[in-house]
Amino acid sequence: MEEEFESAYPGFVRPFTIPSPPVYEVVPIKGAGLGVIATSDIARGQTIMRERPLLFLPVIYPVASMGENLAFYEFVVNSMRPVNREAVYALVNARGPEWYSHLKGILDTNAFGTHTAVPGYGAQYAALGRDISRINHSCAPNALWIWDLETLTFTVAAITPIRAGEQVTIAYIDIACPRFQRQELLTSRYKFTCKCPACDPDDMSQLMNDMQREIINLFAENEQPARDAEAFERWLADGARDSYYDPHDTLKPATFARDVERLDGFTRARFAFGCMFTLRFVQANIWEPTLARIVKGYSVRENEERVREYALLAAGLKKAHTGSDGGWMAVAMKPRSTDWWGKLGAAR
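Most of strand 9 (residues 153-158) sits out of view: six of its six residues are buried. Along strand 9, one buried face is formed by Thr 153, Thr 155 and Ala 157 and the opposite face, lined by Phe 154, Val 156 and Ala 158, is buried too. Note: strand 3 (residues 47-51) against strand 9, four bridges, orientation antiparallel. Paired with Thr 47 across the strands is Ala 157, a residue of strand 9. Sheet topology places strand 8 (residues 143-148) next to strand 9; six bridges connect them, and they run antiparallel. The residue of strand 9 that forms the bridge with Asp 148 is Thr 153. Hairpin geometry of strand 8 and strand 9 is characterised by an intervening segment of four residues between the two adjacent antiparallel strands and by a positive phi of about 55 degrees at Leu 152.

Pasting the structure below:
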């Protein structure tokens, strides 16, 4: 097992850097225990925190009993340095005293599934952070987290600009589902009722909010991304003309498959990303190709302002997800230098 792991990750554990000076602090949040606030303005894509976990351990061994797992957890935590052990036990156990054990409740409340296969080891792994575990949830988060096995670190990065004094939030659950399902998940797993702007029960826009989430999911479903890419190519070949349909009036979840065919590929891309931008719900499978089509469309139309606007959005989101802008910043800085600038006939 060790040979397989060392072959996959030579030089493990790799060094890493942290933002300096710090741009956040952990403080009491009214009605939500402790939380994380920005101490200075944070740009989209900027790294907010990077830390190694207090614990990185199997969620459950494939061949172990629950009792053996609980004993292993207790052994590991009791072997930690006192300051780290105290940090673990200072975290909330939302599962309550009836759970398997107090420590198991802390882990199940605060640990993040890394979703990263560890070569040579069959167990599923989770990691428990010191500060990332203090970040509160929102269904319209302003940050995301990623896990890097090579450096054994969490990175939290902004997906929207965050002002100094504003709370940093991430999503604990899949925020693609409608409000009632999100509330059920959060209540069952974390024992709280979400009161973020996306869950405001008095907001009459909730129906539209849920419809837009469903439409985003439909844009990402099965063969739809490929159909949207083909529709964009047809739009280019047809001269990049204006659409005659307003997607806000045209697209409804119940009749999406029929209605979306009325929209050209450029309109589809703008509407899909508009929904994601409004909801702060960045659908992992489609956000970048969708933005790429928008940038290409505005390049073909020679709209420098719009190319720069959407390329900057893409650069920030790409940097938040990967740590690099993926070349999008170069497009934003010199929109007229792209291969697509002014080339209405490029796809003919």
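It is worth spelling out unusual backbone geometry at this point. At the junction of Ser 20 and Pro 21, the peptide bond is cis and its omega measures out at 0 degrees in the coordinates. Relative to the helices and strands, Pro 21 resides in the loop between helix 1 (2-8) and strand 1 (24-28). Look at Ala 240: it is not a glycine, yet its phi comes out positive at around 55 degrees. For Ala 240, the location among the structural elements is in the loop between helix 7 (224-237) and helix 8 (247-250). On the accessibility criterion, Ala 240 (7% relative accessible area) is buried. In this structure, Arg 280 takes a positive phi of about 55 degrees despite not being glycine. Its location among the elements puts Arg 280 in the loop between helix 10 (265-279) and helix 11 (287-300).

In this section: the sheet that holds strand 8. The sheet built from three strands is open, its strands ordered 3-9-8 with antiparallel pairing. The open sheet terminates on both sides in strands that have one partner only, identified here as strand 3 and strand 8. Taking each pair of neighbouring strands and ignoring which way they run, the sheet shows an average axis angle of 15 degrees.

So, how was this worked out
Here the residue numbers are simple positions, counted from 1 along each chain's written sequence. Only residues with pLDDT of at least 70 get local features here, since the model is predicted, and only at 80 or more are side-chain atom pairs given and counted; chain-wide, interface and lining totals rely on the full set of residues. Only heavy atoms go into the side-chain values, all of them from the structure, while hydrogens and water stay out. A 1.4 Å probe rolled over the protein chains alone gives each residue an accessible area, and that area as a share of the maximum for its type sets the label: buried under 20%, exposed over 50%, partly exposed in between. Segments assigned H or I by DSSP are reported as helices when at least four residues long, segments assigned E as strands when at least two residues long, and all are numbered from the N terminus. Two strands form a pair only when DSSP identifies at least two bridges running between them. Angles shown run from 0 to 180 degrees and are taken between the N-to-C directions of axes, each axis being a line fitted to C-alpha atoms and, for helices, limited to the stretch in contact.

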